[in-house]
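# Coordinate inspection notes
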Amino acid sequence: MDTQYVKGDCIFARINKTIKQYEYLTEDIETEVMIIGGGVTGAILGYYFSKNNINCVILEKARIGHGSTSITTSLLQYELDSNAMELKSYTSMENIIKSYKLGIKALDEIQEFIDKYGNRCDFKRVDSFLYTAKKLEKKGMEEEYDIRKEAGLPVEFIDEDNNPFLFDVKGGVLGKGGGAVFDPYKFTHHLIEVSCEKGLRAYENTEVIDVKYCDDGVTVETVYGHKVKGKIVIVATGYNTELFTKRTFGTKTTTFNIATSPIDNIEDIYKNVVTRDNRVPYNYFRTTRDNRLIIGGEDINFIPDIYNEQLCSKSYETLEQRLKSLFPNLNIEIEYRYCGAFASTQDNLGFIGKDPTNSKLWYCLGYGANGILFAMLGGMMLSKLYSGEVDKDMNLFKVDRFDH
Ligand SMILES: Cc1cc2nc3c(=O)[nH]c(=O)nc-3n(C[C@H](O)[C@H](O)[C@H](O)COP(=O)(O)OP(=O)(O)OC[C@H]3O[C@@H](n4cnc5c(N)ncnc54)[C@H](O)[C@@H]3O)c2cc1C
């Protein structure tokens with residue numbers, strides 16, 4: 001486990017038995033594309049590259065799916081972290097709408113994978129709900145609703161008159177079919193299994209410790225002294241990018257999740273929606289297939305000393321109180337508490353593409369609350385790019401878009 005960036009009793013790593021163990025690399029090998037990092041992002045890249053018949057290898061320093069993938073809430077939604085009006089100072093409205101629509105495309109792609117290969121990761125397509133419990137913020141919600149409606153997105157406005165939820169809603173936007181939930185650990189393993197049948201090679205316990213570029217490609221060296229040679233290297237290492245670049249990507253925070261024991265009387269309405277409030281810092285919650293509630297948020301400035309139990313306990317306590325106030329009728333017992341690094345960007349988007357100064361160094365970094373959907377887009381866009389096809393929407397995720 002990446003102990004520096006993940007801490008606590010991570011629900012998805014605990015409730016799942018190890019699905020498969022992968023070998024560590026014991027020889028020098030050659031490939032076309034080296035994907036560094038075996039989290040959900042690396043697995044998604046492995047899937048799209050192998051699907052497009054491109055020879056590729058995943059190198060994971062610890063265990064597959066045990067980095068931030070083991071703690072992601074896996075609350076998937078097309079909307080971004082901030083409302084469209086808040087984002088307008090950082091990007092254009094056209095880009096915001098485009099990224100909403102790309103989010104839906106990414107959700108559809110996950111659905112397509114599930115339809116084709118079976119639902120082994122408790123995937124469920126649901127609605128997404130963004131709301132405020134403050135009267136003063138109702139207008140902002142109405143604006144968000146109007147923007148999405150005008151863009152042709154299927155939305156419904158919820159307020160006190162038609163609120164189907166048991167908690168207080170002054171204004172909210174329900175995005176029909178705009179969300180999904182799954183088990184990220186199972187999804188990661190399923191992707192790799194399917195991809196290995198298409199030619200992907202995946203190695204765990206294989207840390208990359210050095211990278212060297214030459215005219216015809218890249219060579220990386222692993223911790224046990226073996227070399228992997230390829231044409232390009234893709235950094236899918238989540239929040240650990242220092243080995244590959246001095247660039248800083250996004251602002252790091254520490255974010256927290258807690259998960260309850262199974263609850264037998266959760267109303268069905270909560271099983272068909274992923275919810276986020278408009279508070280600062282925000283909270284978000286979802287249910288699981290075995291009727292648990294997971295709530296997350298309470299982000300604080302990044303603590304490199306993630307073992308600071310006192311700070312962690314305070315955030316877990318706040319989340320528990322929040323959950324109890326949202327669901328006073330339920331018997332809530334917290335079974336898992338965990339936290340980890342998280343990074344966000346001004347425009348809420350991740351980074352997909354080539355390094356501006358090195359065409360053999362590529363990135364797929366799903367920063368922001370929609371990291372998994374960005375990774376899906378990264379898989380599609382980068383596998384096309386390798387075959388010479390440039391997706392113009394990749395501009396939204398350009399690595400140097402904040403350079404001055
Ligand atoms: C509490 C929390 C909740 C979140 N909730 C959501 C959510 O609801 N929805 C969402 O979309 N996103 C969410 N995120 C963001 C989430 O982190 C990402 O979307 C996603 O899990 C990141 O996956 P990844 O594969 O990029 O990173 P990771 O899972 O961290 O994988 C990176 C891997 O790279 C490996 N690695 C690093 N360095 C090397 C090296 N030198 N050599 C080889 N391997 C290396 C690591 O060991 C690690 O396994 C959440 C994050 C947190 C912390």
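Residues numbered from 1 in each chain as written. Predicted model: local features only at pLDDT ≥ 70, side-chain atom pairs only at ≥ 80, totals over all residues. Heavy atoms only, no water.

Each helix and strand in the protein was counted, giving eight helices and 20 strands. Over its C-alpha atoms the protein spans a radius of gyration of 21 Å, differing by no more than 12% from the 22 Å that the globule rule assigns to 404 residues. Reported as C-alpha extents along the three principal axes, the dimensions of the protein are approximately 65 × 40 × 40 Å. In the protein, which comprises 404 residues, the share counted as buried stands at 58%. Taking contacts inside the protein between residues at least 6 apart in sequence as the whole, the part at least 24 apart equals 76%. Just so you have it, the protein exposes about 17,100 Å², and 46% of that area is on carbon and sulfur atoms. Counting 49 positive and 59 negative side-chain charges, the protein places the centres of these two groups 1 Å from one another. (Helix = DSSP H or I, 4+ residues; strand = E, 2+ residues; numbered from the N terminus. Rg over C-alpha atoms; globule rule 2.2 N^0.38 Å. Buried < 20%, exposed > 50% of the residue type's maximum accessible area, 1.4 Å probe, protein only. Contact = heavy atoms within 4.5 Å. Areas by Shrake-Rupley, 256 points an atom, 1.4 Å probe, with all protein chains shown as cover. Lys, Arg positive; Asp, Glu negative; His and termini not counted. Charge placed at Lys NZ, Arg CZ, Asp CG, Glu CD.)

Glancing now at the packing of helix α2 (residues 40–51) against helix α8 (residues 371–386). Running from N to C, α2 and α8 cross one another at 35°; their axes reach a closest spacing of 8 Å. Taken as a pair, α2 and α8 cross one another with a handedness that is right-handed. Residues Val40, Thr41, Ile44, Leu45, Tyr48 and Phe49 of α2 touch α8, and the partners they reach there are Ile372, Ala375, Met376, Gly378, Gly379, Met380, Leu382, Ser383 and Tyr386. The residue makeup of the contact of α2 with α8, split by class, is eleven nonpolar, four polar and no charged. (Axes fitted to C-alpha atoms, helices over the stretch in contact; angles between N-to-C directions. Left-handed = near helix turned anticlockwise from the far one by under 90°. Nonpolar A, V, L, I, M, F, W, Y, C, P; charged D, E, K, R; others polar.)

Per the stated rule, a full pass over the model turns up 27 salt bridges. Here Arg292 and Asp290 are joined by a salt bridge, their closest N and O atoms 2.9 Å apart. Among the ionic contacts, a cluster of salt bridges with common partners joins Glu79, Glu144 and Arg148. (Salt bridge = Lys/Arg side-chain N within 4 Å of Asp/Glu carboxyl O.)

On to the domain arrangement of the protein. Often, the extent of an interface is quoted as the loss of accessible area upon association of its parts. Taken domain by domain, the protein consists of domain 1 (6–71 + 185–248 + 348–397) and domain 2 (126–179 + 250–343). The centre of domain 1, based on its C-alpha atoms, is set 29 Å off from the matching centre of domain 2. Taken together, the contacts link 17 residues of domain 1 with 21 residues of domain 2. Together, the buried faces of domain 1 and domain 2 total about 1,500 Å²; carbon and sulfur atoms form 62% of this surface. Interface area lost by domain 1 to domain 2 is led by Lys7, Ile11 and Tyr239, which between them contribute 43%. (Domains from an automatic or database assignment. Buried area = accessible area lost by both parts, 1.4 Å probe.)

Here we take up the packing of aromatic side chains. All told, the structure shown has 30 aromatic pairs when counted by the stated rule. Each ring, one from Tyr131 and one from Phe167, has its centre 5.0 Å from the other, and the planes form 40°; the classification is tilted. Of the two residues, Tyr131 sits in strand β6 (residues 124–132) while Phe167 sits in the loop between β7 (155–158) and β8 (171–181), which places them 36 residues apart along the sequence. Taken together, the ring pairs in this structure connect Phe129, Tyr131, Phe165, Phe167, Tyr270, Phe285 and Phe327 into an aromatic cluster. One Lys or Arg, Arg276, reaches over the ring of Tyr282 and ends 5.2 Å from the middle of that ring. If you follow Arg401 out to its NZ or CZ, it ends over the ring of Phe351, 4.6 Å from the centre. (Phe/Tyr/Trp six-rings, centres within 6.5 Å; stacked < 30°, edge-to-face > 60°. Lys NZ or Arg CZ within 6 Å of the ring centre and 35° of its normal.)

Turning to its location among the elements, Ser74 is positioned in the loop between β4 (56–59) and β5 (75–77). With residues up to four places along the chain from it excluded, the contact list for Ser74 reads Ala180, Val181, Phe182, Pro184, Arg286 and Ile372.

Glancing now at helix α6 (residues 184–197). Here α6 spans 20 Å end to end across 14 residues, near enough to the 20 Å set by a 1.5 Å rise per residue. The element α6 is largely enclosed, with a buried count of ten among its 14 residues. Of all the positions in α6, only Pro184, Tyr185, Phe187, Thr188, His189, His190, Leu191, Ile192, Val194 and Ser195 are classed as buried. Residues of α6 that are buried sit in contact with α1 (11–15), α2, β4, α4 (93–117), β9 (201–203) and α8. For α6, the side-chain oxygen to backbone nitrogen distance between the N-cap and Tyr185 is 3.0 Å, and the N-cap itself is Asp183. At the exit of α6 stands Gly199, carrying a positive phi of roughly 115°. (Expected span 1.5 Å × (residues − 1). Polar contact = N/O pair within 3.5 Å; in protein donor to acceptor, adjacent residues only side chain to side chain.)

Take the site of the ligand next. Taken together, 36 residues are adjacent to the ligand, and Thr41, Glu60, Ser68, Thr69 and Ile372 come closest. In this structure, an oxygen atom belonging to the ligand sits 2.9 Å away from a main-chain N or O atom of Leu75. One nitrogen or oxygen atom from the main chain of Ile372 is found 2.9 Å from an oxygen atom belonging to the ligand. Within the complex, the protein chains bury 97% of what would otherwise be the 990 Å² of accessible surface of the ligand. Breaking the shell around the ligand down by element, the ones donating at least two residues are α2, β14 (251–260), β18 (334–344) and α8. Broken down by element, the shell around the ligand gets its largest block of residues, three residues, from β18. Counted by class, the shell around the ligand contains 14 nonpolar, 19 polar and three charged residues. Looking at the shell around the ligand, you find at least three residues from each of domain 1 (6–71 + 185–248 + 348–397) and domain 2 (126–179 + 250–343). (Near = heavy atom within 4 Å.)

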